[in-house]
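Residue-level listing of the chains:
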Amino acid sequence: MPALAEIDLGTLTPDQAAAVGALRAEIGVLEDRNAAQAERIRRLEHLIGELNRVLYGKRSEKLTADERQLAFEDLVAAAAELEEAVAPAAPPKPAPSPDRPRAARNIGHLPEHLPRIERVIEPESTLCPCGCGEMAKIGEDRSERLDIVPAQLRVIVTVRPRYACGACERGVVQVPAPARLIEGGLPTEGAIAHVLVSKYADHCPLYRLSAIYARSGLDLDRSTLAGWVGKAAFHLRPVADRLARHLRQSSKLFMDETRAPVLDPGRGRTKIGWLWALARDDRAWGGPDPPGVVYFYAPGRGGEHAERFLKGFDGILQVDGYAGYNRLTGPGRKGGAPLRLAFCWSHARRRLREIYDSSGSEIAAEGLRRIAELYAIEAEIRGCSPERRLAERQARSAPLVEAFGDWLKQQRARVSPRSRLGEKLAYIARHWDGLRLFLADGRVEMDSNSVENLIRPVALNRKNALFAGHDEGAAAWGRIASLIETAKLNGVNPHAWLRATLEAIAAGHPNSRLDELLPWNFDSSSS
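Note that this is a predicted model, so its numbers are computed, not measured. (Residues numbered from 1 in each chain as written. Predicted model: local features only at pLDDT ≥ 70, side-chain atom pairs only at ≥ 80, totals over all residues. Heavy atoms only, no water.)

Enquirer: So what exactly am I meant to see when it comes to the environment of L253 here?
Expert: Here L253 shows up in strand 3 (residues 252–264). C-alpha of L253 to C-alpha of L278: the two residues are 25 residues apart in sequence and 6.9 Å apart in space. Those residues within four positions of L253 in sequence are excluded, and the remaining contacts are L247, R248, L278, A279, R280, F313, I316, L317 and Q318. (Helix = DSSP H or I, 4+ residues; strand = E, 2+ residues; numbered from the N terminus. Contact = heavy atoms within 4.5 Å.)

In structure tokens form, the structure reads like this:
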């Protein structure tokens, strides 16, 4: 039988020719559809490959967490776009069988506390088509979708009537004006809280926030917003100082530092300042103290700044391998007794990973394998009591660490100390005592990842705002960000806490009861 394309329509009857023409047209449509599907499959395979490289590729550690998240978001968005293009052409899926559970998909969850606005869609007529009369309601279908309304701007009008006696002249009665954080100013404490959260939690510079308000018809210059921020920073300073004092009373803390570019008007460019994060997070072993973080600004990275910020703290400090912390361990330490430094296995692993990624070194691969065994044990005992963690570490981790130390000595004897691998192995050896400290105390973590995660807001703010306007601005950033990030660590809504705290301060909350204003003492049910 000849192929359909080879049939001469002139030899066919009109009905046959019409049928062949229709078949050819249908084949053309199917070929076009197959070509389009093949192209979509090719693009999806490419996106899946890119996604795998982002998540599992051997160079993935070269990307920051934010860069990985950005790549993931864009790839998922691209895949969703392709799926949406395929969806109209795909046949409708049959309804799931009652006996067959629905596939679990993470498409979001609509919390019960969100307000519901019901829109009832009635038929044009409820009369029976057969003329029997009005039909009776036998049920209904309900579906929920998330709707988002842009931030609502509103004006609070406070009316204070005055009353006077018409029969005498003994005076006028009027309720005193309610207290305000900014006397004579426009904003409520809730409005100030929104500006603070936008700037310090959502990393939205004030000039962008001013533009957002302008789209709603509200003309607020960024200098006005900056004035609100400055006044709030002044009133919140005692609370931030109290938070820092609480953290210094702990027995174990984390510390890290990161760059904070600051405008230097005298030279017409930016200079490099530093924000130091001091954090407490005992949740891994069920500690009784709530988590918290305080950011301190300093114009440099010298160890003397860490010494100043840690005045009054005596305990174990978990840090990376930065040499500036070494001055805290000597007998001449100012502000307290010598500290014990617990070093970070994650930093040791990172250095071996750099060597393995660049050269495929078998020595680096062996070191990574040994460290992975230690982390596997840590994953099992996370959340256990310090006593249980210590017992497990002594029984299982200590022999592995001892073997790692012997292996480290052997490899350093084989490798040139001037090679890149030799330098990385020397780094681990220099910090060996601090790396072993987690074996002697169940409260100590294997790494300082807890505080590194808390440094991320600084990096995000740096990307969005570029730099602080001056040293005082960087210090204010540290104070307000400390309170917001501590609220987030404790599962507290930063806006609700800030609004309530600013209202309490405006109403004259006494400094002798500052502990009541700390984020972990906030009662969200009263907001």
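Enquirer: What exactly am I supposed to notice about helix 4 (residues 206–215) here?
Expert: For an α-helix, 3.6 residues make a turn, and residues three or four places apart therefore share a direction. Of all the residues in helix 4, the buried ones are L206, L209, S210 and Y213. Projected down its long axis, helix 4 shows its buried positions confined to an angular sector of 105 degrees, all on one face. Buried-residue contacts for helix 4 involve helix 3 (189–200) and helix 5 (222–248). (Buried < 20%, exposed > 50% of the residue type's maximum accessible area, 1.4 Å probe, protein only. Arc of directions from axis to C-beta.)

Enquirer: Is there a simple way to explain the nonpolar core in this structure?
Expert: Note that soluble globular proteins tend to have their nonpolar side chains buried in a common cluster. Membership of the largest hydrophobic core comes to 107 residues, with the highest contact counts inside it found for L196, M255, W276, L317, Y325, W345 and I428. For this core, the element with the most residues is helix 5, which contributes 11 residues. (Core = buried A, V, L, I, M, F, W, Y, C linked by side-chain atoms within 4.5 Å.)

Enquirer: Help me understand unusual backbone geometry in this model?
Expert: Phi is mostly negative for residues that are not glycine, and the peptide bonds are mostly trans. A positive phi is found at H203, a non-glycine position, where the angle reads about 60 degrees. For H203, the position within the fold is in the loop between helix 3 and helix 4. Given the relative accessible area of 8%, H203 is considered buried.

Enquirer: For this particular structure, what's the right way to read the pattern of salt bridges?
Expert: Where charged atoms from two side chains of opposite charge approach closely, those side chains can pair. Within the structure shown, the criterion is met by 25 salt bridges. Note that E140 is salt-bridged to K137, the shortest N-O span being 3.1 Å. A residue is classified by how much of its surface remains accessible, and K137, at 67% relative accessible area, is exposed. Between D314 and R333 there is a salt bridge, with its nearest N and O atoms 3.3 Å apart. Note that D314 is positioned in the loop between helix 6 (303–309) and strand 6 (316–318) and R333 in the loop between strand 6 and strand 7 (340–342), a separation of 19 residues in sequence. Residue classification places D314 among the partly exposed residues on the basis of a relative accessible area of 44%. A cluster of three or more residues bridged by salt bridges with shared partners is formed by E118, K137, E140 and R142. (Salt bridge = Lys/Arg side-chain N within 4 Å of Asp/Glu carboxyl O.)

Enquirer: Help me understand a nonpolar patch on the surface, please; the structure alone is not making it clear to me.
Expert: Together, L114, L146 and I148 make up an exposed nonpolar region whose accessible area comes to about 310 Å². Here L114 lies in the loop between helix 2 (65–86) and strand 1 (163–164). In this structure L114 comes out as partly exposed when scored by relative accessible area, which is 31%. (Patch = residues over 30% accessible without salt bridge, like charges linked within 9 Å, V, L, I, M, F, W, Y side chains within 5 Å. Areas by Shrake-Rupley, 256 points an atom, 1.4 Å probe, with all protein chains shown as cover.)

Any functional reading would require information beyond the geometric quantities listed.
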